[in-house]
Amino acid sequence: MDIHITVEKIRELTYRMIKESEREKNGICFTIKDLIRDIEKENTEPGWGYVDEKISQLIWHVESMAHLVNGNGHPDDRHHVWALGALNTIERNISKAGENKWRGIGSDTVSC
């Protein structure tokens, strides 16, 4: 799996969520969660707790945008910004960990 392609698909879908009806948002949310599961399969290295945390945040923001969970009163556009921030952090950290693994550097060197 190419993490960058998966992240880009998630990014595109989050932008679609802003414009779609409630019904469409639910379908998009479940598609995003399937893509997130693909990322989680790649997240097998020890020390990637920060990525796990950001994955949880991404899921919560996407579910909030779909109105499947209580978004703490924040509007969809705010959750969208936060979802993109979490997604960017996930991509950056998984990419960094992959580079370190290839170079033989321990995964505990991954930074924010």
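Refer to the preceding data block for the structure.
Residues numbered from 1 in each chain as written. Predicted model: local features only at pLDDT ≥ 70, side-chain atom pairs only at ≥ 80, totals over all residues. Heavy atoms only, no water.

S.K.: Would you mind going over the overall build of the protein with me for this structure?
M.R.: Each helix and strand in the protein was counted, giving four helices and zero strands. Taken from N to C terminus, the helices and strands of the protein fall in the order α-α-α-α. Here the protein holds 112 residues, and 40% of them are scored as buried. Intrachain contacts of the protein at a sequence separation of at least 6 include 60% that bridge at least 24 residues. Accessible surface for the protein amounts to roughly 6400 Å². Of this, 50% is attributable to carbon and sulfur atoms. (Helix = DSSP H or I, 4+ residues; strand = E, 2+ residues; numbered from the N terminus. Buried < 20%, exposed > 50% of the residue type's maximum accessible area, 1.4 Å probe, protein only. Contact = heavy atoms within 4.5 Å. Areas by Shrake-Rupley, 256 points an atom, 1.4 Å probe, with all protein chains shown as cover.)

S.K.: Sorry, what's going on with the environment of Asn26 here?
M.R.: Tracing the sequence through the fold places Asn26 in helix H2 (residues 22–42). Exposure remark for Asn26: the relative accessible area of 25% places this residue in the partly exposed category.

S.K.: What is the right way to look at the pattern of salt bridges in this model?
M.R.: Oppositely charged side chains can pair when the atoms bearing their charge come close. The tally for this structure, following the rule as stated, stands at eight salt bridges. Its salt-bridge partner being Arg11, residue Glu91 comes within 3.5 Å of it at the nearest N-O pair. Of this pair, Glu91 sits in helix H4 (residues 76–103) while Arg11 sits in helix H1 (residues 3–19), and the two are 80 residues apart along the sequence. Under the relative-accessibility criterion, Arg11 is labelled buried at 17%. For Asp34, the salt bridge identified is with Arg37, shortest N-O distance 2.4 Å. With a gap of three residues between them, Asp34 and Arg37 both fall in helix H2, about one helical turn apart. (Salt bridge = Lys/Arg side-chain N within 4 Å of Asp/Glu carboxyl O.)

S.K.: How should the nonpolar core be read in this particular structure?
M.R.: As a rule of thumb, nonpolar side chains are buried together in soluble globular proteins. Core analysis: the largest hydrophobic core is formed by 23 residues, its most contacted members being Ile10, Met17, Ile32, Ile39, Leu58, Ile90 and Ile94. The biggest single contributor to this core is H2, with six residues. Those residues within four positions of Ile32 in sequence are excluded, and the remaining contacts are Ile10, Leu13, Thr14, Met17 and Val62. (Core = buried A, V, L, I, M, F, W, Y, C linked by side-chain atoms within 4.5 Å.)

S.K.: Could you clarify how one ought to interpret H1 in this entry?
M.R.: What sets the pattern is the α-helix's 3.6 residues per turn: residues three or four places apart point alike. Taking 1.5 Å per residue as the helical rise, H1 with its 17 residues ought to reach 24 Å, and the 25 Å between its terminal C-alpha atoms agrees with that figure. Among the residues making up H1, those that are buried are Ile3, Thr6, Val7, Ile10, Arg11, Leu13, Thr14 and Met17. End-on, the buried residues of H1 take up no more than an arc of 165°, which puts them together on one face. (Expected span 1.5 Å × (residues − 1). Arc of directions from axis to C-beta.)

S.K.: What should I look at first to understand the side chain of His80 in this one?
M.R.: With respect to the element layout, His80 can be found in helix H4. In this structure His80 comes out as buried when scored by relative accessible area, which is 8%. Residue contacts for His80: discarding those within four places in its chain leaves Thr14, Tyr15, Ile18 and Met65.

Just geometry here; none of it tells us what the structure is for.
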